[in-house]
Amino acid sequence: MTTLAVVVTVVAALLAVVGVLSTVAGRRTGQLHLAAAALLEVALLVQAVVAVVGLVGGHRPEETAAFLGYLVGIVLVPVAGVLWARSEPTRWAGTVLVVAAVVVAVMDWRLVQLWNATGG
Amino acid sequence: MAEQPSDTAAGPGRVLVGLYGLFAVAAGARAAVQLATDFSAAPVAYLLSAFAAVVYLVATIGLVRGGPGGRRTALIACSVELLGVLVVGTLSLTDRAAFPDATVWSVYGKGYGFVPLVLPVLGLLWLRHQSELAAAEDDEPA
């Protein structure tokens, strides 16, 4: 789970960087942003599958409801970010993706924290 | 380059709407879990979380709708939000017993990277900017 979170964080950082660059350059988002967001989504889906397999296999986080909430919520964030940025014709579309990337990174480490707290 | 959208949900406003929407969902989900599972532990804190969620939701709606009505709605919501984060932030430091469990606004939103403290300020600045643009348009009809 922690290894996956590192991967997710790196990809999220990549998305944040291309988002910042397009905002600073005054350009709207393009294929590169879409590719970075897609890569992030793939990493999150892999993580979700691993988590579900773990849950089915008997791993029980103490706060299961919160864990599931984060697990479902986090895969929606890049999708929501891309949809919300797509129709923005200015430099600010990149910043929307930066927000989405930071949210994913923060949520992911909270997810790991919840995963590891099994209440003994 | 045309970088002066007059709509409150365009340009930088789009980022703000995203953040407000996010906090509406985050605070709402947190309040829902807390109220459903553990209401008696800290009713004041949990009800405050729910209240914060409503304020974020109203601000989001105001910003998305735009126009004089939407701006007024968002202005009220952002003002309540700023007041809320300042009052709750201060109380959570001075009277810890009243806040045994954290809310979005505890310690000025420390648990959320102080975004709850910065967000209403950005919102109010953005709304003032938009109101000025709207007023300028009224003065010189195109």
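In this text the structure is predicted, and so the values were computed from the model without any measurement.

Turning next to the overall build of chain B. Regarding its fold elements, chain B presents four helices and zero strands. In sequence order, chain B lays out its α and β elements as α-α-α-α. The C-alpha extent of chain B, read off along each of the three principal axes, is 60 × 30 × 25 Å. Buried positions account for 39% of the 142 residues belonging to chain B. The long-range share in chain B, meaning contacts at least 24 apart out of those at least 6 apart in sequence, stands at 68%. About 7300 Å² of surface is accessible on chain B, with carbon and sulfur atoms providing 67% of the total. Counting 8 positive and 11 negative side-chain charges, chain B places the centres of these two groups 7 Å from one another.

What follows covers the interface of chain A and chain B. Reports of interface size often rely on the accessible area that becomes lost once the parts have come together. At the interface, 11 residues of chain A touch 12 residues of chain B. Together, the buried faces of chain A and chain B total about 1100 Å²; carbon and sulfur atoms form 68% of this surface. When residues of chain A are sorted by the area they lose upon contact with chain B, W84, E88 and W92 of chain A head the list and together hold 47% of the total. Here chain A is connected to chain B by one salt bridge.

Turning to helix α1 (residues 12-38) of chain B, a few remarks are in order. Taking 1.5 Å per residue as the helical rise, α1 of chain B with its 27 residues ought to reach 39 Å, and the 38 Å between its terminal C-alpha atoms agrees with that figure. Those residues of α1 of chain B that sit buried are G13, R14, V15, L16, V17, L19, Y20, F23, A24, A27, A31 and Q34 of chain B. Of the surrounding secondary structure, the elements contacted by the buried residues of α1 of chain B are α3 (64-86) and α4 (92-116) of chain A together with α2 (43-65), α3 (67-94) and α4 (115-139) of chain B.

So, on to the confidence of the model for chain B. As a note on interpretation, predicted positions should not be read in detail where pLDDT is low. Residues and elements named next belong to chain B. Predicted confidence across chain B gives a mean pLDDT of 88, with 93% of residues reaching 70 or more. Segment residues 1-6: pLDDT under 50, and 13 contacts once partners within four positions in sequence are set aside and those in other chains are kept. Interface confidence in the predicted complex, given as ipTM, is 0.89; pTM for the same model is 0.90.

Attention now moves to the pattern of salt bridges. Here the structure, examined in full by the defined rule, presents one salt bridge over all chains. Two residues, R14 of chain B and E88 of chain A, come together in a salt bridge whose shortest N-O distance is 2.5 Å. With R14 of chain B in helix α1 and E88 of chain A in the loop between α3 and α4, the pair connects residues from two separate chains. Overall, R14 of chain B belongs to the buried group, its relative accessible area being 10%.

A few words now on the side chain of E41 of chain A. All names here are of chain A. Within the fold, E41 resides in helix α2 (residues 31-56). As a buried residue without a salt bridge, E41 has its nearest oppositely charged side chain in R86, at a separation of 14 Å. Dropping the residues within four chain positions of it, E41 is found in contact with V75, P78 and V79.

Residues and elements named next belong to chain B. Looking at the secondary structure, you find T8 in the segment before α1. A relative accessible area of 1% means that T8 is categorised as buried. Excluding residues within four positions of it along the chain, T8 makes contact with G13, G62, L63, G66, R71, W126, L127 and Q130.

Scoring rules and cut-offs
- Residues numbered from 1 in each chain as written.
- Chains lettered and ligands numbered in written order.
- Predicted model: local features only at pLDDT ≥ 70, side-chain atom pairs only at ≥ 80, totals over all residues.
- Heavy atoms only, no water.
- Helix = DSSP H or I, 4+ residues; strand = E, 2+ residues; numbered from the N terminus.
- Buried < 20%, exposed > 50% of the residue type's maximum accessible area, 1.4 Å probe, protein only.
- Contact = heavy atoms within 4.5 Å.
- Areas by Shrake-Rupley, 256 points an atom, 1.4 Å probe, with all protein chains shown as cover.
- Lys, Arg positive; Asp, Glu negative; His and termini not counted.
- Charge placed at Lys NZ, Arg CZ, Asp CG, Glu CD.
- Buried area = accessible area lost by both parts, 1.4 Å probe.
- Salt bridge = Lys/Arg side-chain N within 4 Å of Asp/Glu carboxyl O.
- Expected span 1.5 Å × (residues − 1).
- pLDDT = per-residue confidence, 0-100.

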